[in-house]
Amino acid sequence: MTDFLQVLFVGIGDGAIYAMLGLGLVVIYRSTGLLNFAQGEMAMFSTFVVWTVWDLGVPLPLAVLAGMAGGFAIGALVHQVAVAPVGDPHERPLAVVMVTIGLFVGLNGLAQLIWGTLDRELPPLFGTGQVTIAGVAIGWQKIGAVIVLAVLALGFWLLFQRTGLGLAMRAVASNSESASLVGVPVPRLLMLGWGLAAAVGTVAGVFTAPGRGLGSNLMQLTLIFGFAAITLGGFDSLLGAVIGGFVVGIASSVVPQYVPGFEKIPLAPAFILILAVLLFRPQGLFGRQQVRRV
Amino acid sequence: MSLLEVRGLRAGYGIVEVLFGIDLDVDAGELVVVLGANGSGKTTTLRAISGMIAGRGEVTFDGSALIGRRPDQIVGAGIAHVPQGRGTINDLTVLENLRIGAWTRRDGDVDTDIEQWCTTFPRLGERRDQAAGSMSGGEQQMLAIARAFMSRPRLLLLDEPSLGLAPLVTAEVFARLREITTSTGTAVLLVEQNANLALDFAGRAYVLEAGEIVAAGPASQLRHDETVRKAYLGI
C-alpha cells in the first residue's frame, strides 16, 4: 500500500507539470485551432532565463517571476515575427504548424548556442524538504507543483470566464472575423495568448528542471505527455488539461510499476491513452463538439 | 457633407480586382441599398469600407479618412458591420455575443443596452445563455443585428440579411430593422439580392454591376427603371 501511494504521488507531481504545459497548449489551441509544437521549447528557453537570473544571485521565486515575464515576451515575439506573418492559422493551418515545428528546432539550437550543451542545475522551487502523510514521504516540491497548478488554472479560468479581455479572447478563438468586426483588435489578442501560454510554460519548465537537469532537451518528453494530457482532456478545455495531466501522470507512474512488460516502455501508457481517446471520444473528455447550424 | 462618402473606391483579393472605382454616399440616418448580381462586388464594397480588406481611393466617415485604418478603429469610429452569413460567434452564448458587441464602448450602460435588446428581440432574451451557434438562422440574424447595434453605431453595414431565411422570417427581420433605425436614427448601407424587399426598405439605391455603379437614385424611381426591373426585379 505504501509503495502504491508513493508511486501515486510521483504520478500526481508529474501530472501537475504536464497539466501546466497543457494549459499553455490549450490557450494557443483556443486562439489558433492548432497544436503548438514549440510550446515545450519556449518553456525550456524561458526556464534558462530563470536559471540565468537566479545564477546572478536573485532569489529563486523572484527569478521565476522574471522568467515568466521573459517567457511572455518570448511568446509574444514568436507570434509577431514568426507566426502572424505566415497568415491566418484558420486558413493556412499546415503552414503555421510547420512554423511551430521550425521554432522547436530553432529555439533548441539557440538555447544551446547561448547556454551551451552542459546541463545546468536549477534547485527545486519548494526546496528538498518532505512531509510524511499516511506513512508516505512526499516532497514539498510535488505539493507545491499541485498548488501552483491550481493557482494557474484558476487564474486562466477567471481570465476567460470573468473578464472582458477573456471574453474577447474566446470570441477571437471562435470567429476571428466577427471579433474583428465588433472592434476587437485581433492580432493584439493573439499576441497576448501566445505570451500567456509561454509564461505558464515557464512554470512547467521550472518544475521539470530539478529532477532532470536543465538542458536544451528539458521539455521534449514533457511535451509528449502534455499532448497526451490535452488529447485526453479535450484540446480546448482548461479543466480537461488539468484532469488529463493528472491521469497521464498517474498512468505513466503506476502502470510501469505494476503491469508486467511496461517497465521498459514507460512512455507507452500515454500513447495508449491518446489512441484510446482518439478512437472512442475524439473531442476528449471535456472538449466541446462543434455545434453549428448552417 | 454626407456621413459616409466613398470616392473612386477600388478593392479586390490578391491580383483580382473586384471594384473599379465606386462612388457612393450615405447621409446621417439614411437607409441606402446596393443592389447587384452575384459577384458584382457588393460584399467587397462593405468589406473595404469596414477595413476587412485593403481598399484604394477615398472613404470618408464624418469627415475623417478611413482607408488604411484597422477594422477595430473603424468600429470605434462608429461603423458596425454585419457580415454575410451573420458572423455568429458560435461558441459564445447569446449574452456574451451581445457583450462583445460593446467592446469599443467604455460607458456604463452596456448592461442596460443588453436588456433592451433582449426585450426588442424576445427570442434572444429567452435564449440568453444558449450557445449562439445552436440557434436558428433567423435568430442568429437578429442576434447579429443586435450585436452590431451594441456598439451604438452611426452607420450599419448590413450584408444580405435575407440569405438562407424563410420569407416570413426575412420580413420580420426587416420590420424590426426599420423600427430600430427609426428610433435610433442609425444610417444603414444594405446589400441585398432580394431587390423588391430592399427597395421597400431603403430610400435610395445604387446598382452595382461588375464592380461599377451603373445606376443610382431614389428607390421609388429605380423600382420603375426599365433596366433595373429586367435585371434585378425579374418582372
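My aim in this report is to walk through the structure given alongside it, one point at a time.

1. Some points on the interface of chain A and chain B
Logical step 1: The interface is formed by 22 residues belonging to chain A together with 27 residues belonging to chain B.
Logical step 2: Both faces combined, the contact of chain A with chain B buries some 2,200 Å², and carbon together with sulfur accounts for 58% of it.
Logical step 3: Taken together, chain A and chain B are joined by two salt bridges.
Logical step 4: For Glu-96 of chain B, the salt bridge goes to Arg-170 of chain A, with nearest N and O atoms at 2.8 Å.
Logical step 5: On inspection of chain A and its partner chain B, the count reaches seven residue pairs in polar contact (both at pLDDT 80 or more).

2. Section: the environment of Val-110 of chain B
Residues and elements named next belong to chain B.
Logical step 1: Mapped onto the elements, Val-110 comes out in helix α4 (residues 110-120).
Logical step 2: What makes Val-110 buried here is its relative accessible area of 13%.
Logical step 3: Separated by 41 residues in sequence, Val-110 and Ser-151 have C-alpha atoms that sit 9.2 Å apart.
Logical step 4: For Val-110, the residues in contact, after removing those within four places along its chain, are Arg-99, Ala-102, Arg-105 and Met-150.

3. Quick notes on the packing of aromatic side chains
The geometry of an aromatic ring pair is captured by the separation of the ring centres together with the interplanar angle, meaning the angle of the planes.
Residues and elements named next belong to chain A.
Logical step 1: In total, this model carries eleven aromatic pairs over all chains according to the counting rule given.
Logical step 2: Consider the rings of Tyr-29 and Phe-235, whose centres lie 5.2 Å apart with planes at 55 degrees: the pair is tilted. Here Phe-235 lies in the loop between α9 (220-233) and α10 (238-258) and Tyr-29 lies in helix α1 (residues 2-32), a separation of 206 residues in the sequence.
Logical step 3: We classify Phe-235 as partly exposed; its relative accessible area is 25%.
Logical step 4: A centroid spacing of 6.1 Å and a plane angle of 20 degrees characterise the contact between Phe-126 and Phe-207, whose relative ring orientation is stacked. Placement of the pair is Phe-126 in the loop between α4 (93-115) and β1 (130-133) and Phe-207 in helix α8 (residues 186-212), with a sequence separation of 81 residues.
Logical step 5: Note on Phe-126: relative accessible area 36%, which makes it partly exposed.
Logical step 6: We classify Phe-207 as buried; its relative accessible area is 5%.
Logical step 7: An aromatic cluster is present here, built from Phe-45, Phe-48 and Trp-115 joined pairwise through their rings.
Logical step 8: The side chain of Arg-30 reaches across the aromatic face of Phe-160, ending 4.8 Å from its centre.

4. Focus: the pattern of salt bridges
Logical step 1: Within the structure shown, the criterion is met by 21 salt bridges over all chains.
Logical step 2: A salt bridge links Arg-47 of chain B to Glu-177 of chain A; the shortest N-O distance between them is 3.1 Å. Of this pair, Arg-47 of chain B sits in helix α1 (residues 42-49) while Glu-177 of chain A sits in helix α7 (residues 176-181), each in a different chain.
Logical step 3: The exposure class assigned to Arg-47 of chain B is buried, which follows from its relative accessible area of 17%.
Logical step 4: A relative accessible area of 30% places Glu-177 of chain A in the partly exposed class.
Logical step 5: We note a salt bridge from Asp-200 of chain B to Arg-223 of chain B, for which the minimum N-O separation is 2.5 Å. Within this pair, whereas Asp-200 of chain B is found in helix α8 (residues 195-201), its partner Arg-223 of chain B is found in helix α9 (residues 219-223), the two being separated by 23 residues in sequence.
Logical step 6: Through salt bridges that share partners, Arg-105, Asp-107, Asp-109, Asp-113 and Arg-152 of chain B make up one connected network.

5. Points about empty space enclosed by the protein
To find leftover empty space, a probe the size of one water molecule is rolled over the atoms.
Logical step 1: Counted under the stated rule, the structure contains one cavity of 30 Å³ or more.
Logical step 2: In this structure, the largest cavity occupies an estimated 90 Å³ of space.
Logical step 3: Every residue lining the largest cavity is counted, 13 residues in all, and those nearest its centre are Leu-181 and Val-182 of chain A together with His-81, Arg-147 and Ala-148 of chain B.
Logical step 4: Elements represented by at least two residues in the lining of the largest cavity include exactly α7 of chain A together with β6 (79-82) and α6 (137-149) of chain B.

Conventions we followed
- Residues numbered from 1 in each chain as written.
- Chains lettered and ligands numbered in written order.
- Predicted model: local features only at pLDDT ≥ 70, side-chain atom pairs only at ≥ 80, totals over all residues.
- Heavy atoms only, no water.
- Contact = heavy atoms within 4.5 Å.
- Buried area = accessible area lost by both parts, 1.4 Å probe.
- Salt bridge = Lys/Arg side-chain N within 4 Å of Asp/Glu carboxyl O.
- Polar contact = N/O pair within 3.5 Å; in protein donor to acceptor, adjacent residues only side chain to side chain.
- Helix = DSSP H or I, 4+ residues; strand = E, 2+ residues; numbered from the N terminus.
- Buried < 20%, exposed > 50% of the residue type's maximum accessible area, 1.4 Å probe, protein only.
- Phe/Tyr/Trp six-rings, centres within 6.5 Å; stacked < 30°, edge-to-face > 60°.
- Lys NZ or Arg CZ within 6 Å of the ring centre and 35° of its normal.
- 1 Å grid on protein atoms, 1.4 Å probe; cavity = no way out; pocket = protein on both sides within 12 Å on 5 of 7 lines; lining within 4 Å.
- Points joined across faces, edges and corners; volume = space filled by probe spheres on them.

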